[in-house]
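# Overview (structure and organization)
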Amino acid sequence: MKILHIFGTSCLLRQQTYLLPVTLLWYQYNGLSAADFVFIQGIFMLLGLLTEVPSGYIADIFSKKHILLCSFSLFLLRCLLWLNCRGLFVILLGETLVVLSRSLFQGIYDSYIYEYLKKNKQTSQMIRYYGMVNCYVNVGTGSASLLCSLIYPTFALQTLLILEFISTFLAIILMSFVPNIKNTNKRKSLKQHFADMVNAVSKTLGDSRINYFIVLSAVFASSTYIYIWNFQPIMKSTGVMVSLFGAVYFCNFFFRALAGYLSNKIAEKITYKNLGIIVAFHIVTAFLGLTLSEYIKIPAVTLFFIFLICLGIGAQLSFNILTVSAIQKIAKSNIRATTSSAYNLVAQGVAGIMLSSFKFLADKLPFSTIYLLYLAIYALVLGFLFLVWKLRKIKV
């Protein structure tokens with residue numbers, strides 16, 4: 001499967017987001033605060049809800065390869081924008097481009113993998129190759145994070161944006177070499193397409209074979225969004241050196257890459273239910289760790305708990321890979337990307353609400369209390385979901 005390795009390398013280059021570990025500093029460079037940073041990330045996750053499903057549906061109508069090229073081009077445009085302009089409006093416009101780029105990537109690259117395997121009659125290898133591409137994606141972000149910790153202390157933030165521009169440009173070139181898989185959907189009127197999109201989402205969320213697991217896995221994934229966007233504020237708040245920010249993000253993406261690489265073996269060794277219990281337990285302990293870190297304010301303690309959180313994020317990604325692989329096998333070919341987008345819709349919705357509420361809570365409460373509040377909410381939601389699993393006797 002040489003083509004999927006080329007595809008994975010292109011995704012690796014696109015995911016080399018050198019600015020990611022110090023995005024908070026970029027915001028502050030443009031006159032914004034840590035609370036503004038978390039709030040804006042939450043708002044744009046909610047904005048992503050408006051584009052998530054339409055982008056998946058568009059990919060089911062047109063070429064998935066061309067949609068991915070469009071995604072990469074939008075991110076390239078963001079790099080150019082932030083390199084040449086400053087201010088709040090520029091930050092917001094740049095984040096809008098990132099949301100559009102992310103929506104045109106998530107739920108579509110996994111659909112492309114399945115369609116390619118289907119074309120070559122190897123759909124049984126979905127977990128293996130989806131895990132492999134996930135490994136590529138996280139190696140890309142992880143390596144960029146590590147390089148960030150080496151580059152930033154010496155060079156300006158703009159240097160990181162230049163590196164992002166170069167890697168994304170190379171990703172576009174590489175993606176142009178992967179084959180185009182034609183869609184079988186017929187062209188219809190805009191009204192018919194809208195009706196079909198709503199119908200596809202309704203069928204996906206109403207399908208008793210997958211709707212429960214979409215919600216459970218999406219709730220798990222939403223917690224990861226919250227951790228990642230809170231790493232920078234809590235490290236800055238507890239006195240962790242900025243030069244270590246990149247190393248922390250490298251640790252996060254290293255475990256994610258490892259989870260992708262080992263996903264096939266994890267599926268053989270650990271049952272889906274037991275893996276879900278491990279992830280649920282991790283979520284509870286992760287928010288406790290964030291609370292203690294903020295309360296104690298010792299850099300070494302913060303880094304220790306973040307390390308444990310990164311381990312758990314790897315387990316969450318493994319659960320996600322198994323869930324998405326199962327969904328792709330059940331989903332119909334003509335709505336496969338739309339189905340994946342429906343899953344991302346739930347994950348981003350939960351995380352967006354939590355993150356966008358952060359600024360309002362931070363005006364009245366310390367970070368440690370906010371993390372305890374998040375812990376209580378997740379404990380209640382997960383307790384309810386596992387109770388439903390037991391009472392309905394849901395089979396994987």
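Conventions adopted
Residues numbered from 1 in each chain as written. Predicted model: local features only at pLDDT ≥ 70, side-chain atom pairs only at ≥ 80, totals over all residues. Heavy atoms only, no water. Helix = DSSP H or I, 4+ residues; strand = E, 2+ residues; numbered from the N terminus. Buried < 20%, exposed > 50% of the residue type's maximum accessible area, 1.4 Å probe, protein only. Contact = heavy atoms within 4.5 Å. Phe/Tyr/Trp six-rings, centres within 6.5 Å; stacked < 30°, edge-to-face > 60°. Lys NZ or Arg CZ within 6 Å of the ring centre and 35° of its normal. 1 Å grid on protein atoms, 1.4 Å probe; cavity = no way out; pocket = protein on both sides within 12 Å on 5 of 7 lines; lining within 4 Å. Points joined across faces, edges and corners; volume = space filled by probe spheres on them. Nonpolar A, V, L, I, M, F, W, Y, C, P; charged D, E, K, R; others polar. Salt bridge = Lys/Arg side-chain N within 4 Å of Asp/Glu carboxyl O. Polar contact = N/O pair within 3.5 Å; in protein donor to acceptor, adjacent residues only side chain to side chain. Axes fitted to C-alpha atoms, helices over the stretch in contact; angles between N-to-C directions. Parallel < 35°, antiparallel > 145°, perpendicular 65-115°, else oblique. Left-handed = near helix turned anticlockwise from the far one by under 90°. Expected span 1.5 Å × (residues − 1). Core = buried A, V, L, I, M, F, W, Y, C linked by side-chain atoms within 4.5 Å.

## Description of the overall build of the protein chain
Helix and strand counts for the protein chain stand at 17 helices and zero strands. Scored against the burial criterion, the 396 residues of the protein chain give a buried share of 57%. The contacts in the protein chain between residues at least 6 apart in sequence include a share of 85% that link residues at least 24 apart.

## Observations regarding the packing of aromatic side chains
Each aromatic ring pair is characterised by the separation of its centres together with the angle its planes make. Applying the stated criterion across every chain, the model contains 22 aromatic pairs. For the pair F105 and Y109, a centre-to-centre distance of 4.6 Å together with 5° between the ring planes defines the contact as stacked. Each of the two residues, F105 as well as Y109, counts as buried. Here the aromatic cluster, defined as three or more aromatic residues joined through ring pairs, consists of F220, Y272, F319, F386 and W389. A cation over an aromatic ring shows up here: R14 above the ring of F75, its NZ or CZ 3.8 Å from the ring centre.

## Re the layout of surface pockets
Considered as a void within the structure, the second largest pocket measures approximately 260 Å³ in volume. As for the second largest pocket, its lining consists of 13 residues, and the residues nearest its centre are R128, M132, G260, Y261 and N264. For the lining of the second largest pocket, the secondary-structure elements that each account for two or more residues are α7 (126-151), α11 (245-261) and α12 (263-269). Broken down by element, the residue count for the lining of the second largest pocket peaks at six residues, all from α7. The class makeup of the residues in the lining of the second largest pocket is seven nonpolar, four polar and two charged.

## Remarks on the pattern of salt bridges
Per the stated rule, a full pass over the model turns up two salt bridges. In this structure, the salt-bridge partner of R78 is E164, at a minimum N-O distance of 3.0 Å. Here R78 is found in helix α4 (residues 64-84), whereas its partner E164 is found in helix α8 (residues 157-175), with 86 residues between them in sequence. For R78, a relative accessible area of 6% corresponds to the buried category. The class of E164 is buried, set by a relative accessible area of 0%. Ionic pairing is found between E294 and K297, a salt bridge with its closest N-O pair at 2.7 Å.

## Some words on the side chain of R14
With respect to the helices, strands and loops of the structure, R14 is situated in helix α1 (residues 2-14). Separated by 3.4 Å, the side chains of R14 and S101 make a polar contact. The residues touching R14, leaving out its near neighbours within four places in the chain, are F72, F75, S101, T168 and A171.

## Some thoughts on the packing of α1 against α7
As a packed pair, α1 and α7 sit with axes 7 Å apart at the nearest point and diverge in direction by 30°. On the basis of their axis angle, the class for α1 and α7 is roughly parallel. For the crossing formed where α1 meets α7, the hand is right-handed. Two secondary-structure elements touch here, α1 through L4, H5, F7, G8, T9, C11 and L12 and α7 through Y129, M132, V133, Y136, V137, V139 and G140. Class assignment for the residues of the contact of α1 with α7 results in 10 nonpolar, four polar and no charged.

## Structural notes on the side chain of N138
By the secondary structure assignment, N138 is in helix α7. Residue N138 is classed as buried on the basis of its relative accessible area, which comes to 2%. A polar contact of 2.8 Å, which involves the side chain of N138, links it to the backbone oxygen of N134. Other than its neighbours up to four places away in sequence, N138 contacts F253, R256, A257 and L317.

## Looking at the environment of F165
On the secondary structure map, F165 appears in helix α8. The class of F165 is partly exposed, set by a relative accessible area of 25%.

## A look at α4
In a regular helix each residue adds 1.5 Å, so 21 residues correspond to 30 Å; α4 covers 31 Å between its end C-alpha atoms and thus fits that length. Where α4 starts, the residue carrying a side-chain oxygen 3.3 Å from the main-chain nitrogen of K65 turns out to be S63.

## Points about the nonpolar core
One finds F7, I113, L216, F220, Y227, F231 and F287 to be the most contacted residues of the largest nonpolar core, which totals 116 residues. Not counting residues within four places of it along the chain, the set of residues in contact with Y227 comprises H282, I283, A286, F287, L290, I309 and I313.

## Concerning unusual backbone geometry
Not every positive phi belongs to a glycine, and K121 is a case in point at roughly 55°. Its location among the elements puts K121 in the loop between α6 (109-119) and α7. Exposure remark for K121: the relative accessible area of 77% places this residue in the exposed category. Of note in the backbone geometry, K297 takes a positive phi value of approximately 60° without being a glycine. Structurally, K297 can be placed in the loop between α13 (272-296) and α14 (299-330).

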